[in-house]
Amino acid sequence: MTTLVHSPAPTYTAFEGHRILAAGPLADVAVAVKRAMDADGAQALLVYQDGSGTQTDLNLSGSDAQVADRYRSPVGAAPVGAAPVGAPPESNEMSDSAALPPRGRGRPKLGVVAREVTLLPRHWDWLGAQPGGASVALRKLVEQARRDNDAQGQRRQRQEAAYRFMSAMAGNLPGFEEATRALYADDRDRYVQCVAAWPKDVRGYAMRLAWDAQTTPQPQP
């Protein structure tokens with residue numbers, strides 16, 4: 001059975017001045033922006049991609065239906081396990097079980113690759129004293145370092161996303177410089193104090209970009 005994997009489509013948020021006008025899939029946001037622009041008295045309208053804080057330009061020509069179709073995400077995704085383009089077709093003369101090599105007895109192979117590692121004697125002494133020995137200890141250290149690097153990278157991306165949005169929407173608001181320093185120091189409590197005087201939707205969206213990128217904001221009544 002073939003399983004389809006659907007990557008979540010990015011969501012967007014439109015601001016009318018300092019107030020959230022619409023949020024959600026780009027097709028819905030684009031239609032809301034078009035209707036607001038067609039109405040009298042609409043303020044400056046800006047659209048941001050959630051998660052990246054990138055400002056997005058829209059082509060709003062045509063009817064509402066045409067605008068929605070223009071920005072509707074395509075349906076469907078590549079199936080898991082699908083053969084790459086140009087790969088030879090599988091033979092129907094051999095069952096899946098017959099195609100697999102016989103499994104030997106004992107523990108399964110872990111794909112471990114042996115390579116030379118140069119350490120000081122005290123390092124070898126410490127590794128040898130760890131549960132499981134030097135190899136197990138080294139693998140744990142590498143995995144922990146990978147997790148730490150991934151977490152740092154994600155935090156840096158969130159900070160950059162929040163700063164993009166803040167620069168465009170809050171550059172002239174009080175406390176912007178102090179909020180920027182708190183953002184890059186990852187000091188959430190200090191950041192909250194610095195942006196307390198900002199319009200509710202602006203400070204809320206910036207907070208979501210910086211510390212909760214998966215949350216999609218909603219317009220405030």
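Remember, predicted model here, so these are calculated numbers, not experimental data. (Residues numbered from 1 in each chain as written. Predicted model: local features only at pLDDT ≥ 70, side-chain atom pairs only at ≥ 80, totals over all residues. Heavy atoms only, no water.)

### Description of unusual backbone geometry
Next, step 1: Even without being glycine, Asp 186 reaches a positive phi, approximately 55°.
Next, step 2: With respect to the element layout, Asp 186 can be found in the loop between helix H6 (176-184) and helix H7 (188-194). (Helix = DSSP H or I, 4+ residues; strand = E, 2+ residues; numbered from the N terminus.)

### Description of the sheet that holds strand S3 (residues 45-49)
Next, step 1: As summarised here, the arrangement of the three strands in space is S2-S1-S3, forming an open sheet in which the pairing is antiparallel. Since the sheet does not close on itself, it has two edges, and those belong to strand S2 (19-25) and S3, each with one partner. Mean inter-strand twist for the sheet, computed between neighbouring axes without regard to direction, equals 20°.
Next, step 2: In terms of strand pairing, strand S1 (residues 11-16) meets S3 through five bridges, oriented antiparallel. Paired with Tyr 12 across the bridge in S3 is Gln 49.
Next, step 3: On the sheet, helix H1 (residues 26-38) packs against S1, S2 and S3 and is oriented at approximately 145° with respect to S2.
Next, step 4: This element, helix H8 (residues 200-211), spans S1, S2 and S3 of the sheet and lies at about 160° to S1. (Pairing = 2+ DSSP bridges. Axes fitted to C-alpha atoms, helices over the stretch in contact; angles between N-to-C directions. Contact = heavy atoms within 4.5 Å.)

Everything listed here is a matter of geometry and, on its own, says nothing about what the molecule does.
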